[in-house]
Amino acid sequence: MSAELWNSAVRVLETNWTGDHMVPSRKLYPHQWSWDAAFIAIGLVYVNPTRAWRDLRSLFEAQWPDGRVPHIVFDPATAEADYFPGPGFWDVPAYGDRPARGSTGIVQPPMHAIAAWEVYRHAAAHGAACGQQARTELEWLYPRLVAQQRYLTTSRNLGGAGLASVVHPWESGLDNSPAWDEAMANVPADLGLLTTYRRRDLAVSDAAHRPTDVDYSRYVGLVLTYRAGGYSDDGLLERHAFAVECPSFNSILASAELALAQIAGELGLAAEARAHRDRAQAITTAIVQRLWNPQTRTFHALDVHTGKLSPARCVSGLMPLMLPDLTAGHVEAIMAEARSDRFGIGELPVPSYDRTAPDFDTQRYWRGPLWVNVNWLLRRGLLVHGFRDEAEDLRTAMVRLVHHNGHFEYFHPVTGEGLGAPTFSWTAALSLDLLADRSVPAYARAG
Ligand code: 9WN
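Residues numbered from 1 in each chain as written. Predicted model: local features only at pLDDT ≥ 70, side-chain atom pairs only at ≥ 80, totals over all residues. Heavy atoms only, no water.

*Asks:* Explain the packing of helix α2 (residues 34–44) against helix α18 (residues 425–436) here, please?
*Replies:* Each pair of packed helices gets described by two things: the angle between the helix axes and the distance between those axes. The interhelical angle for the contact between α2 and α18, taken along N-to-C directions, is 35°, at an axis separation of 7 Å. Seen from above, α2 lies across α18 with left-handed handedness. Where α2 approaches α18, its residues Trp35, Asp36, Phe39, Ile40, Ile42, Gly43 and Leu44 are matched on the opposing element by Ser425, Trp426, Ala429, Leu430, Leu432 and Asp433. Looking at the contact of α2 with α18 residue by residue, the class counts come to nine nonpolar, two polar and two charged. (Axes fitted to C-alpha atoms, helices over the stretch in contact; angles between N-to-C directions. Helix = DSSP H or I, 4+ residues; strand = E, 2+ residues; numbered from the N terminus. Left-handed = near helix turned anticlockwise from the far one by under 90°. Contact = heavy atoms within 4.5 Å. Nonpolar A, V, L, I, M, F, W, Y, C, P; charged D, E, K, R; others polar.)

Right, dumping it as C-alpha coordinates:
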(Lines give C-alpha, C1' and ligand atoms only; values in the text may rest on other atoms or scores of the structure.)
Protein backbone atom coordinates (compact mmCIF):
# COMPACT_ATOMS: atom_id res chain seq x y z
CA MET A 1 0.00 0.00 0.00
CA SER A 2 2.69 2.50 0.87
CA ALA A 3 4.57 2.29 -2.47
CA GLU A 4 1.32 2.80 -4.37
CA LEU A 5 0.33 5.78 -2.23
CA TRP A 6 3.84 7.23 -2.41
CA ASN A 7 3.91 7.02 -6.22
CA SER A 8 0.46 8.52 -6.66
CA ALA A 9 1.38 11.41 -4.34
CA VAL A 10 4.54 12.08 -6.33
CA ARG A 11 2.46 12.15 -9.53
CA VAL A 12 0.07 14.75 -8.08
CA LEU A 13 3.01 16.98 -7.12
CA GLU A 14 4.51 16.55 -10.58
CA THR A 15 1.21 17.56 -12.23
CA ASN A 16 0.73 20.62 -10.03
CA TRP A 17 4.27 22.04 -10.38
CA THR A 18 4.36 25.10 -12.65
CA GLY A 19 8.13 25.44 -12.97
CA ASP A 20 8.24 28.14 -10.27
CA HIS A 21 5.70 27.09 -7.64
CA MET A 22 3.04 24.52 -6.84
CA VAL A 23 -0.66 25.19 -7.39
CA PRO A 24 -3.08 23.57 -4.88
CA SER A 25 -4.98 22.07 -7.82
CA ARG A 26 -4.94 22.88 -11.52
CA LYS A 27 -8.58 23.79 -12.13
CA LEU A 28 -9.98 25.18 -8.91
CA TYR A 29 -6.88 26.99 -7.57
CA PRO A 30 -4.59 28.04 -10.43
CA HIS A 31 -2.28 30.32 -8.38
CA GLN A 32 0.02 29.90 -5.37
CA TRP A 33 -1.60 29.81 -1.90
CA SER A 34 0.24 30.72 1.25
CA TRP A 35 -0.40 28.00 3.85
CA ASP A 36 -0.69 25.42 1.08
CA ALA A 37 2.92 26.21 0.11
CA ALA A 38 4.02 25.40 3.67
CA PHE A 39 2.19 22.05 3.87
CA ILE A 40 3.40 21.22 0.37
CA ALA A 41 7.06 21.96 1.17
CA ILE A 42 6.87 19.64 4.21
CA GLY A 43 6.17 16.66 1.91
CA LEU A 44 7.86 17.80 -1.28
CA VAL A 45 11.26 17.83 0.41
CA TYR A 46 11.31 14.01 0.41
CA VAL A 47 11.26 13.89 -3.37
CA ASN A 48 12.59 17.25 -4.50
CA PRO A 49 14.23 19.56 -1.92
CA THR A 50 15.10 22.15 -4.58
CA ARG A 51 11.44 22.55 -5.48
CA ALA A 52 10.40 22.66 -1.82
CA TRP A 53 12.77 25.60 -1.21
CA ARG A 54 11.80 27.24 -4.51
CA ASP A 55 8.12 27.14 -3.55
CA LEU A 56 8.78 28.84 -0.21
CA ARG A 57 11.11 31.38 -1.80
CA SER A 58 8.62 32.19 -4.50
CA LEU A 59 5.97 32.91 -1.85
CA PHE A 60 8.28 35.10 0.23
CA GLU A 61 9.41 37.08 -2.81
CA ALA A 62 5.85 38.43 -2.73
CA GLN A 63 6.07 39.49 0.93
CA TRP A 64 4.90 43.05 1.52
CA PRO A 65 7.21 45.70 3.02
CA ASP A 66 5.10 45.61 6.22
CA GLY A 67 5.91 41.89 6.60
CA ARG A 68 2.58 40.41 5.53
CA VAL A 69 2.81 37.30 3.41
CA PRO A 70 -0.14 37.34 1.00
CA HIS A 71 -2.66 34.51 0.99
CA ILE A 72 -2.44 34.15 -2.80
CA VAL A 73 0.46 35.05 -5.09
CA PHE A 74 -0.99 35.45 -8.55
CA ASP A 75 0.56 33.74 -11.53
CA PRO A 76 0.78 36.36 -14.30
CA ALA A 77 0.40 33.56 -16.86
CA THR A 78 -3.13 32.75 -15.57
CA ALA A 79 -6.03 34.77 -16.99
CA GLU A 80 -8.13 36.99 -14.69
CA ALA A 81 -11.20 34.95 -15.67
CA ASP A 82 -9.67 31.70 -14.40
CA TYR A 83 -10.01 32.56 -10.71
CA PHE A 84 -12.30 34.83 -8.76
CA PRO A 85 -11.44 37.04 -6.94
CA GLY A 86 -8.40 37.55 -9.17
CA PRO A 87 -5.64 40.17 -9.24
CA GLY A 88 -7.78 42.89 -10.82
CA PHE A 89 -10.35 42.60 -8.04
CA TRP A 90 -7.79 42.75 -5.23
CA ASP A 91 -5.97 45.60 -6.99
CA VAL A 92 -3.04 45.72 -4.57
CA PRO A 93 -0.36 48.36 -5.11
CA ALA A 94 3.13 47.51 -6.40
CA TYR A 95 5.52 46.51 -3.61
CA GLY A 96 9.12 45.33 -3.36
CA ASP A 97 10.19 43.83 -6.66
CA ARG A 98 6.68 42.73 -7.56
CA PRO A 99 4.38 44.52 -9.97
CA ALA A 100 0.98 45.89 -8.95
CA ARG A 101 -1.72 43.24 -8.66
CA GLY A 102 0.80 40.54 -7.85
CA SER A 103 -1.07 39.17 -4.84
CA THR A 104 -4.05 39.45 -2.52
CA GLY A 105 -3.90 41.81 0.49
CA ILE A 106 -4.83 39.31 3.22
CA VAL A 107 -2.83 36.58 4.97
CA GLN A 108 -3.18 32.92 5.94
CA PRO A 109 -1.97 30.97 8.99
CA PRO A 110 1.82 31.40 9.38
CA MET A 111 2.81 27.74 8.86
CA HIS A 112 6.01 28.73 7.09
CA ALA A 113 8.55 28.74 9.91
CA ILE A 114 7.37 25.24 10.81
CA ALA A 115 7.73 24.23 7.15
CA ALA A 116 11.18 25.85 6.81
CA TRP A 117 12.43 23.94 9.85
CA GLU A 118 10.94 20.63 8.69
CA VAL A 119 12.34 21.06 5.17
CA TYR A 120 15.74 21.95 6.61
CA ARG A 121 15.75 18.90 8.89
CA HIS A 122 14.88 16.52 6.09
CA ALA A 123 16.92 18.11 3.29
CA ALA A 124 20.13 17.25 5.15
CA ALA A 125 19.34 13.57 4.53
CA HIS A 126 19.86 14.15 0.78
CA GLY A 127 23.62 14.69 1.10
CA ALA A 128 26.15 17.51 1.39
CA ALA A 129 25.03 19.64 -1.58
CA CYS A 130 21.46 19.62 -0.28
CA GLY A 131 22.73 20.48 3.18
CA GLN A 132 24.55 23.53 1.81
CA GLN A 133 21.48 24.62 -0.15
CA ALA A 134 19.34 24.13 2.96
CA ARG A 135 21.61 26.39 5.00
CA THR A 136 21.53 29.15 2.35
CA GLU A 137 17.75 28.96 2.06
CA LEU A 138 17.25 28.95 5.82
CA GLU A 139 19.45 32.05 6.16
CA TRP A 140 17.47 33.79 3.42
CA LEU A 141 14.12 32.90 4.95
CA TYR A 142 14.84 33.61 8.64
CA PRO A 143 14.57 37.45 8.62
CA ARG A 144 11.53 37.21 6.36
CA LEU A 145 9.81 34.76 8.71
CA VAL A 146 10.59 37.08 11.61
CA ALA A 147 9.02 40.01 9.70
CA GLN A 148 5.94 37.89 8.99
CA GLN A 149 5.51 37.14 12.71
CA ARG A 150 6.10 40.77 13.63
CA TYR A 151 3.37 41.92 11.25
CA LEU A 152 0.89 39.47 12.76
CA THR A 153 1.74 40.19 16.39
CA THR A 154 1.79 43.99 16.01
CA SER A 155 -0.38 45.30 13.13
CA ARG A 156 -2.87 42.47 13.64
CA ASN A 157 -2.96 42.65 17.42
CA LEU A 158 -6.38 44.28 17.07
CA GLY A 159 -7.67 42.92 20.38
CA GLY A 160 -4.64 44.31 22.23
CA ALA A 161 -3.80 41.09 24.12
CA GLY A 162 -1.01 39.76 21.91
CA LEU A 163 -3.07 37.50 19.63
CA ALA A 164 -3.42 38.05 15.89
CA SER A 165 -6.89 38.77 14.51
CA VAL A 166 -8.08 37.44 11.18
CA VAL A 167 -10.04 40.10 9.29
CA HIS A 168 -11.47 37.78 6.64
CA PRO A 169 -12.57 34.13 6.99
CA TRP A 170 -10.18 33.25 4.14
CA GLU A 171 -7.32 34.30 6.41
CA SER A 172 -8.07 31.42 8.77
CA GLY A 173 -7.78 28.86 5.95
CA LEU A 174 -11.03 27.42 7.41
CA ASP A 175 -13.21 29.56 5.19
CA ASN A 176 -16.84 28.77 6.05
CA SER A 177 -16.24 27.24 9.48
CA PRO A 178 -19.23 27.53 11.88
CA ALA A 179 -16.71 29.31 14.15
CA TRP A 180 -17.42 32.51 12.19
CA ASP A 181 -21.23 32.32 12.06
CA GLU A 182 -21.96 34.83 14.85
CA ALA A 183 -19.27 37.28 13.76
CA MET A 184 -20.27 36.95 10.09
CA ALA A 185 -23.93 37.68 10.94
CA ASN A 186 -22.78 41.26 11.62
CA VAL A 187 -21.19 41.59 8.17
CA PRO A 188 -23.60 43.03 5.58
CA ALA A 189 -24.58 40.43 2.93
CA ASP A 190 -25.19 42.16 -0.39
CA LEU A 191 -26.13 39.42 -2.85
CA GLY A 192 -26.08 42.05 -5.61
CA LEU A 193 -22.26 41.94 -5.38
CA LEU A 194 -22.38 38.46 -6.95
CA THR A 195 -24.05 39.95 -10.04
CA THR A 196 -21.26 42.48 -10.41
CA TYR A 197 -18.58 39.91 -9.49
CA ARG A 198 -19.26 36.36 -10.65
CA ARG A 199 -18.17 33.32 -8.65
CA ARG A 200 -15.77 31.14 -10.58
CA ASP A 201 -15.56 28.25 -8.08
CA LEU A 202 -19.07 26.99 -8.96
CA ALA A 203 -18.05 26.54 -12.60
CA VAL A 204 -15.43 23.97 -11.57
CA SER A 205 -16.90 22.34 -8.43
CA ASP A 206 -20.16 21.16 -6.87
CA ALA A 207 -22.21 23.99 -5.29
CA ALA A 208 -23.33 21.68 -2.44
CA HIS A 209 -19.68 21.30 -1.37
CA ARG A 210 -18.78 24.99 -1.45
CA PRO A 211 -19.66 28.04 0.67
CA THR A 212 -23.13 29.51 -0.01
CA ASP A 213 -23.85 32.70 -1.99
CA VAL A 214 -24.66 34.54 1.26
CA ASP A 215 -21.21 33.57 2.61
CA TYR A 216 -19.59 34.58 -0.65
CA SER A 217 -21.29 37.99 -0.83
CA ARG A 218 -19.91 38.69 2.66
CA TYR A 219 -16.42 37.50 1.61
CA VAL A 220 -16.50 39.91 -1.33
CA GLY A 221 -17.86 42.78 0.79
CA LEU A 222 -15.08 42.35 3.36
CA VAL A 223 -12.40 42.54 0.67
CA LEU A 224 -14.01 45.72 -0.65
CA THR A 225 -13.81 47.48 2.75
CA TYR A 226 -10.22 46.36 3.40
CA ARG A 227 -9.26 47.39 -0.15
CA ALA A 228 -10.93 50.80 0.24
CA GLY A 229 -8.51 51.55 3.10
CA GLY A 230 -5.50 50.45 1.01
CA TYR A 231 -5.22 47.26 3.13
CA SER A 232 -4.01 49.39 6.02
CA ASP A 233 -4.53 47.99 9.52
CA ASP A 234 -4.52 51.38 11.26
CA GLY A 235 -7.82 51.85 13.08
CA LEU A 236 -9.13 48.78 11.22
CA LEU A 237 -11.41 47.66 14.04
CA GLU A 238 -13.51 50.80 13.68
CA ARG A 239 -14.03 50.51 9.93
CA HIS A 240 -14.07 46.75 9.29
CA ALA A 241 -16.97 44.46 10.26
CA PHE A 242 -15.00 41.24 10.90
CA ALA A 243 -12.12 40.71 13.34
CA VAL A 244 -11.76 37.37 15.10
CA GLU A 245 -9.08 35.65 17.18
CA CYS A 246 -8.94 32.04 16.00
CA PRO A 247 -7.46 29.30 18.22
CA SER A 248 -6.00 27.49 15.22
CA PHE A 249 -4.39 30.55 13.63
CA ASN A 250 -2.89 31.62 16.96
CA SER A 251 -1.67 28.13 17.86
CA ILE A 252 0.15 28.08 14.53
CA LEU A 253 1.50 31.57 15.32
CA ALA A 254 2.94 30.30 18.62
CA SER A 255 4.29 27.11 17.05
CA ALA A 256 5.96 29.24 14.40
CA GLU A 257 7.81 31.08 17.20
CA LEU A 258 9.03 27.71 18.49
CA ALA A 259 10.20 26.74 15.02
CA LEU A 260 11.95 30.12 14.74
CA ALA A 261 13.67 29.39 18.06
CA GLN A 262 15.05 26.21 16.53
CA ILE A 263 16.08 28.00 13.34
CA ALA A 264 17.75 30.84 15.29
CA GLY A 265 19.59 28.24 17.40
CA GLU A 266 20.82 26.51 14.25
CA LEU A 267 22.01 29.86 12.85
CA GLY A 268 23.90 30.59 16.08
CA LEU A 269 21.53 33.34 17.27
CA ALA A 270 21.09 32.35 20.92
CA ALA A 271 19.47 35.58 22.18
CA GLU A 272 16.95 35.54 19.31
CA ALA A 273 16.16 31.89 20.04
CA ARG A 274 15.31 32.78 23.64
CA ALA A 275 13.13 35.69 22.52
CA HIS A 276 11.19 33.39 20.16
CA ARG A 277 10.58 30.90 22.97
CA ASP A 278 9.33 33.68 25.25
CA ARG A 279 6.97 34.92 22.56
CA ALA A 280 5.59 31.40 22.07
CA GLN A 281 4.89 31.23 25.78
CA ALA A 282 3.21 34.64 25.82
CA ILE A 283 0.94 33.70 22.90
CA THR A 284 0.07 30.42 24.63
CA THR A 285 -0.90 32.31 27.80
CA ALA A 286 -3.07 34.71 25.79
CA ILE A 287 -4.79 31.82 23.96
CA VAL A 288 -5.71 30.26 27.29
CA GLN A 289 -6.84 33.56 28.83
CA ARG A 290 -8.98 34.67 25.91
CA LEU A 291 -10.13 31.63 23.92
CA TRP A 292 -10.78 28.96 26.56
CA ASN A 293 -14.37 28.45 27.71
CA PRO A 294 -14.43 26.72 31.13
CA GLN A 295 -18.08 25.68 30.58
CA THR A 296 -17.57 23.89 27.25
CA ARG A 297 -14.01 22.92 28.25
CA THR A 298 -12.66 23.67 24.79
CA PHE A 299 -11.18 26.59 22.82
CA HIS A 300 -13.35 28.84 20.64
CA ALA A 301 -12.98 31.79 18.29
CA LEU A 302 -13.35 35.24 19.88
CA ASP A 303 -15.23 38.04 18.10
CA VAL A 304 -13.07 41.08 18.86
CA HIS A 305 -15.96 43.52 18.19
CA THR A 306 -18.36 41.98 20.71
CA GLY A 307 -15.89 40.26 23.05
CA LYS A 308 -17.95 37.05 22.75
CA LEU A 309 -16.69 33.53 22.17
CA SER A 310 -18.33 31.56 19.37
CA PRO A 311 -20.47 28.70 20.76
CA ALA A 312 -19.40 26.34 17.93
CA ARG A 313 -17.15 23.39 18.66
CA CYS A 314 -14.81 23.21 15.68
CA VAL A 315 -11.60 21.37 14.89
CA SER A 316 -9.81 24.70 15.43
CA GLY A 317 -10.57 24.27 19.16
CA LEU A 318 -8.30 21.21 19.25
CA MET A 319 -5.31 22.96 17.69
CA PRO A 320 -3.82 24.40 20.92
CA LEU A 321 -2.65 20.82 21.53
CA MET A 322 0.33 21.81 19.36
CA LEU A 323 1.59 24.02 22.19
CA PRO A 324 4.09 22.41 24.56
CA ASP A 325 3.44 25.03 27.29
CA LEU A 326 -0.24 24.16 27.60
CA THR A 327 -1.16 23.05 31.15
CA ALA A 328 -1.96 19.39 31.83
CA GLY A 329 -5.60 20.34 32.52
CA HIS A 330 -6.07 21.94 29.11
CA VAL A 331 -4.30 19.04 27.41
CA GLU A 332 -6.65 16.57 29.12
CA ALA A 333 -9.68 18.64 28.10
CA ILE A 334 -8.59 18.68 24.44
CA MET A 335 -7.99 14.94 24.57
CA ALA A 336 -11.47 14.40 26.04
CA GLU A 337 -12.96 16.52 23.23
CA ALA A 338 -10.93 14.71 20.56
CA ARG A 339 -11.99 11.29 21.91
CA SER A 340 -15.66 12.25 22.36
CA ASP A 341 -18.46 11.48 19.87
CA ARG A 342 -18.07 15.02 18.62
CA PHE A 343 -14.67 14.36 17.00
CA GLY A 344 -13.78 10.74 17.90
CA ILE A 345 -10.70 9.47 16.13
CA GLY A 346 -11.44 5.95 14.89
CA GLU A 347 -11.42 4.43 11.42
CA LEU A 348 -11.46 7.99 10.12
CA PRO A 349 -9.49 11.12 11.08
CA VAL A 350 -11.38 13.95 12.85
CA PRO A 351 -14.00 16.07 11.04
CA SER A 352 -13.83 19.87 10.74
CA TYR A 353 -16.91 20.33 12.95
CA ASP A 354 -18.74 18.62 15.83
CA ARG A 355 -20.41 15.47 14.41
CA THR A 356 -23.25 15.77 16.91
CA ALA A 357 -24.17 19.38 16.04
CA PRO A 358 -27.60 19.75 14.38
CA ASP A 359 -26.07 21.72 11.50
CA PHE A 360 -23.16 19.30 10.91
CA ASP A 361 -22.93 19.12 7.12
CA THR A 362 -21.18 16.12 5.59
CA GLN A 363 -20.56 17.85 2.27
CA ARG A 364 -19.89 21.50 2.79
CA TYR A 365 -16.24 22.31 3.08
CA TRP A 366 -15.25 23.35 6.63
CA ARG A 367 -18.69 22.59 8.14
CA GLY A 368 -18.17 18.84 8.56
CA PRO A 369 -15.86 17.23 5.97
CA LEU A 370 -12.45 16.10 7.14
CA TRP A 371 -9.22 17.64 5.95
CA VAL A 372 -5.74 16.13 6.01
CA ASN A 373 -3.86 19.32 6.95
CA VAL A 374 -5.66 19.95 10.26
CA ASN A 375 -5.39 16.26 11.13
CA TRP A 376 -1.67 16.48 10.42
CA LEU A 377 -1.51 19.38 12.91
CA LEU A 378 -3.53 17.41 15.45
CA ARG A 379 -1.12 14.49 15.12
CA ARG A 380 1.72 16.88 15.74
CA GLY A 381 -0.04 18.00 18.93
CA LEU A 382 -0.50 14.39 20.03
CA LEU A 383 3.21 13.80 19.56
CA VAL A 384 4.14 17.01 21.38
CA HIS A 385 2.28 15.77 24.47
CA GLY A 386 3.43 12.16 24.27
CA PHE A 387 0.18 10.50 23.06
CA ARG A 388 2.09 8.17 20.80
CA ASP A 389 -0.58 5.50 20.37
CA GLU A 390 -3.25 8.01 19.37
CA ALA A 391 -0.74 9.74 17.08
CA GLU A 392 0.01 6.46 15.36
CA ASP A 393 -3.71 5.61 15.03
CA LEU A 394 -4.31 9.00 13.46
CA ARG A 395 -1.35 8.60 11.11
CA THR A 396 -2.60 5.24 9.86
CA ALA A 397 -6.19 6.55 9.60
CA MET A 398 -4.97 9.38 7.33
CA VAL A 399 -2.82 7.08 5.21
CA ARG A 400 -5.71 4.60 4.83
CA LEU A 401 -8.16 7.37 3.94
CA VAL A 402 -6.02 8.81 1.16
CA HIS A 403 -4.97 5.42 -0.13
CA HIS A 404 -8.60 4.25 -0.48
CA ASN A 405 -10.09 7.48 -1.76
CA GLY A 406 -7.39 9.46 -3.55
CA HIS A 407 -5.60 12.78 -3.01
CA PHE A 408 -8.77 14.81 -2.58
CA GLU A 409 -9.05 18.28 -1.12
CA TYR A 410 -11.37 17.04 1.66
CA PHE A 411 -13.38 13.93 2.52
CA HIS A 412 -16.88 12.89 3.55
CA PRO A 413 -16.71 12.53 7.35
CA VAL A 414 -18.85 9.36 7.43
CA THR A 415 -18.00 7.43 4.26
CA GLY A 416 -14.52 8.85 3.59
CA GLU A 417 -15.48 9.57 -0.04
CA GLY A 418 -13.25 12.20 -1.67
CA LEU A 419 -14.77 15.68 -2.13
CA GLY A 420 -13.66 18.94 -3.73
CA ALA A 421 -10.60 19.05 -5.98
CA PRO A 422 -9.34 15.52 -6.88
CA THR A 423 -5.58 16.02 -7.24
CA PHE A 424 -4.89 18.29 -4.33
CA SER A 425 -1.30 19.17 -3.51
CA TRP A 426 -1.27 19.33 0.30
CA THR A 427 -3.09 16.01 0.62
CA ALA A 428 -0.41 14.44 -1.60
CA ALA A 429 2.50 16.19 0.10
CA LEU A 430 1.37 15.40 3.64
CA SER A 431 0.79 11.77 2.62
CA LEU A 432 4.48 11.61 1.73
CA ASP A 433 5.37 13.04 5.12
CA LEU A 434 3.04 10.62 6.93
CA LEU A 435 4.60 7.69 5.09
CA ALA A 436 8.16 8.85 5.65
CA ASP A 437 8.42 10.65 8.95
CA ARG A 438 7.31 9.32 12.28
CA SER A 439 9.71 11.51 14.21
CA VAL A 440 8.62 13.80 17.00
CA PRO A 441 9.10 17.60 17.28
CA ALA A 442 12.23 18.37 19.31
CA TYR A 443 10.29 19.95 22.19
CA ALA A 444 7.93 16.98 22.65
CA ARG A 445 7.42 15.35 26.05
CA ALA A 446 8.47 11.75 26.53
CA GLY A 447 5.45 9.45 26.20
C1 9WN B 1 -9.87 30.80 -0.63
C2 9WN B 1 -6.32 26.72 -1.46
C3 9WN B 1 -7.28 27.24 -0.41
C4 9WN B 1 -6.88 26.80 1.01
C5 9WN B 1 -7.96 27.13 2.04
C6 9WN B 1 -9.29 26.58 1.53
C7 9WN B 1 -9.62 27.14 0.15
C8 9WN B 1 -9.97 29.32 -1.01
C9 9WN B 1 -11.30 29.09 -1.68
O10 9WN B 1 -8.59 26.78 -0.75
O11 9WN B 1 -9.78 28.55 0.21
O12 9WN B 1 -8.60 31.09 -0.15
O13 9WN B 1 -11.47 29.52 -2.82
O14 9WN B 1 -12.20 28.52 -1.07
O15 9WN B 1 -10.32 26.86 2.44
O16 9WN B 1 -7.63 26.59 3.29
O17 9WN B 1 -5.69 27.41 1.38
O18 9WN B 1 -6.16 25.34 -1.33
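After that view, the rundown keeps rolling.
*Asks:* What's the story with empty space enclosed by the protein in this structure? I'm lost.
*Replies:* According to the stated counting rule, one finds three cavities of 30 Å³ or more in the structure shown. Along its surface, the largest cavity is lined by 19 residues, and Tyr29, Trp33, Gln108, Asp175 and Tyr365 are the ones closest to its centre. In this structure, the second largest cavity occupies an estimated 100 Å³ of space. Lining the second largest cavity, in full, are Glu118, Arg121, Trp376, Arg379, Arg380, Leu383, Asp433, Asp437, Ser439, Val440 and Pro441. At the level of secondary structure, the elements contributing two or more residues to the lining of the second largest cavity comprise α5 (112–123) and α16 (372–384). (1 Å grid on protein atoms, 1.4 Å probe; cavity = no way out; pocket = protein on both sides within 12 Å on 5 of 7 lines; lining within 4 Å. Points joined across faces, edges and corners; volume = space filled by probe spheres on them.)

*Asks:* Any chance you could explain the layout of surface pockets here in plain terms?
*Replies:* Over the atoms rolls a probe the size of a water molecule, and in doing so it shows where empty space is left. Roughly 160 Å³ of volume is contained in the largest pocket. In terms of lining residues, the largest pocket is bounded by Leu258, Ala261, Gln262, Gly265, Ala273, Arg277, Asp278, Gln281, Pro324, Asp325 and Tyr443. When residues of the lining of the largest pocket are traced back to their parent elements, those giving at least two are α13 (247–266) and α14 (270–291). For the lining of the largest pocket, the residue count by class is five nonpolar, three polar and three charged.

*Asks:* For this particular structure, what's the right way to read the sheet that holds strand β7 (residues 308–309)?
*Replies:* Strand pairs in the sheet, formed through backbone hydrogen bonds, run parallel or antiparallel to each other. Spatially, three strands are ordered β3-β6-β7 in an open sheet, and the strand pairing comes out antiparallel. Every interior strand has two partners, whereas the edge strands, β3 (244–245) and β7, have only one. In this structure, strand β6 (residues 302–303) lies alongside β7, joined through two bridges in antiparallel fashion. Counted as the bridge partner of leucine 302 is leucine 309 from β7. (Pairing = 2+ DSSP bridges.)

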